[in-house]
Amino acid sequence: MSRERLSVVVTRRLPEAVETRLSELFDVRLRDDDTPMTRSELVEALQDADVLVPTVTDTIDAGLIGQAGERLKLIANYGAGVDHIDVETARRRGVLVSNTPGVLTDDTADMTMALILSVTRRLPEGMGTMQKGDWNGWAPTAFLGGRLGGRRLGILGMGRIGQAVARRAAAFGMQVHYHNRRRLRPETERELEATYWESLDQMVARMDILSIHCPSTPSTFHLMNARRLKLIKQTGVVVNTSRGEVIDENALTRMIRSGEIAGAGLDVYEHGTDVNPRLRELPNVVLLPHMGSATVEGRIEMGEKVIINIKTFEDGHRPPDQVVPAML
């Protein structure tokens, strides 16, 4: 690459420390507000930049990449998931794609446990009672939930985050089970005290809590469809901090409303911000606005990875977190 400073366009506001460092190193164009770029703004960015730094809220599809200028050589995603980027089309155009894996593992695993506790111990109902001033004192049968110790936790997707959840669940005395595309190494299974299920259907039918941690791909779209959701025990709980498209949200809503599933904790939704309004009405459902990775530390570490990927590319090397189609 030329020693002339790279032109970098950032599509959303990032933590101040990250924006400052980007400005020091590159010819960077930052956002003045935190609204997502329009498609026309993304087209303009792709035509003028050497590097685009998008987020999960930006759809970088084949049509958009097809309008990129000759200068564009790297899409340095601010986030681990890249299902919003057409990686194959980028590759054909000679554009590299990188992401920020690993730095959000603990934050997302912590939030998963928070959702599990919130649903099983009925925290939103208790908070609502206090906020409305309706609490009349302790009672032996009020707000009864269930303890986590001894419950079976089924983890769908045993990558970094799934394994981090398994370790936390074990500390609560839960029995850890999992289904994954590839079985873990025996030593990892022993360390996690995790039981592998080759059949997702068989695992789902026997779990008390199902926690979803798989990426969004064509093969995982509605992986938890109506048929599979019906396998869950009536006392079962579903938690999702991965991608909303993995669950048939309408089917889940119907089954919770009818009492076929005991509750759910959701941080992601099938249609983004367009959440099924009936979900909001259910007291046994905890809804969060995609907060799983929302820590100051995590966001700064994401930015540091973006900077390392761009700087490594500028120095003539492949970004350490390059994403290729075979990985997806």
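Residues numbered from 1 in each chain as written. Predicted model: local features only at pLDDT ≥ 70, side-chain atom pairs only at ≥ 80, totals over all residues. Heavy atoms only, no water.

**Q** For this particular structure, what's the right way to read a nonpolar patch on the surface?
**A** A surface patch of nonpolar side chains, about 540 Å² in accessible area, is lined by Met130, Trp135, Trp138 and Phe143. With respect to the helices and strands, Trp135 occurs in the loop between α6 (123–132) and β6 (152–156). (Patch = residues over 30% accessible without salt bridge, like charges linked within 9 Å, V, L, I, M, F, W, Y side chains within 5 Å. Areas by Shrake-Rupley, 256 points an atom, 1.4 Å probe, with all protein chains shown as cover. Salt bridge = Lys/Arg side-chain N within 4 Å of Asp/Glu carboxyl O. Helix = DSSP H or I, 4+ residues; strand = E, 2+ residues; numbered from the N terminus.)

**Q** Just checking my understanding: could you explain helix α7 (residues 160–171) for this structure?
**A** In an α-helix there are 3.6 residues to a turn, and that puts residues three or four apart on one side. When the terminal C-alpha atoms of α7 are compared, their 17 Å separation across 12 residues agrees well with the 16 Å that a helix rising 1.5 Å per residue should span. When we look at burial in α7, the residues that qualify are Gly162, Gln163, Ala164, Val165, Ala166 and Ala169. Contacts from the buried residues of α7 go to α5 (105–120), β6, β7 (175–179) and α8 (186–192). Looking one or two residues past α7, Gly173 carries a phi angle of roughly 80°, positive in sign. (Expected span 1.5 Å × (residues − 1). Buried < 20%, exposed > 50% of the residue type's maximum accessible area, 1.4 Å probe, protein only. Contact = heavy atoms within 4.5 Å.)

**Q** Any chance you could explain the nonpolar core here in plain terms?
**A** Note on soluble globular proteins: their nonpolar side chains tend to be buried together. With 28 residues, the main nonpolar core has Ile212, Met224, Leu229 and Leu252 as its most contacted residues. At the level of secondary structure, the elements contributing two or more residues to this core comprise α9 (200–206), β9 (209–212), α11 (249–257) and β11 (263–266). Take this core: its biggest share by element is four residues, from α11. Sequence-distant contacts of Leu252, that is, excluding residues within four places in its chain, are made with Leu229, Val238, Ile247, Ile261, Ala264 and Leu266. Counting residues in hydrophobic clusters, the runner-up holds 26 residues, among them Leu115, Leu153, Leu184 and Val239. (Core = buried A, V, L, I, M, F, W, Y, C linked by side-chain atoms within 4.5 Å.)

**Q** How should I be thinking about the pattern of salt bridges in this particular structure?
**A** Counted by the stated rule, this structure contains 24 salt bridges. With a shortest N-O distance of 3.7 Å, Arg31 and Glu41 are connected by a salt bridge. One end of the pair, Arg31, is in the loop between β2 (27–29) and α2 (39–48); the other, Glu41, is in helix α2, with 10 residues separating them in the sequence. Note on Arg31: relative accessible area 13%, which makes it buried. Two residues, Lys233 and Asp208, come together in a salt bridge whose shortest N-O distance is 2.8 Å. Linking Lys233 in the loop between α10 (226–229) and β10 (237–240) with Asp208 in the loop between α9 and β9, this pair joins segments that are 25 residues apart in sequence. The exposure class of Lys233 is partly exposed, given its relative accessible area of 30%. One salt-bridge network, in which partners are shared between bridges, spans Arg31, Asp33 and Glu41.

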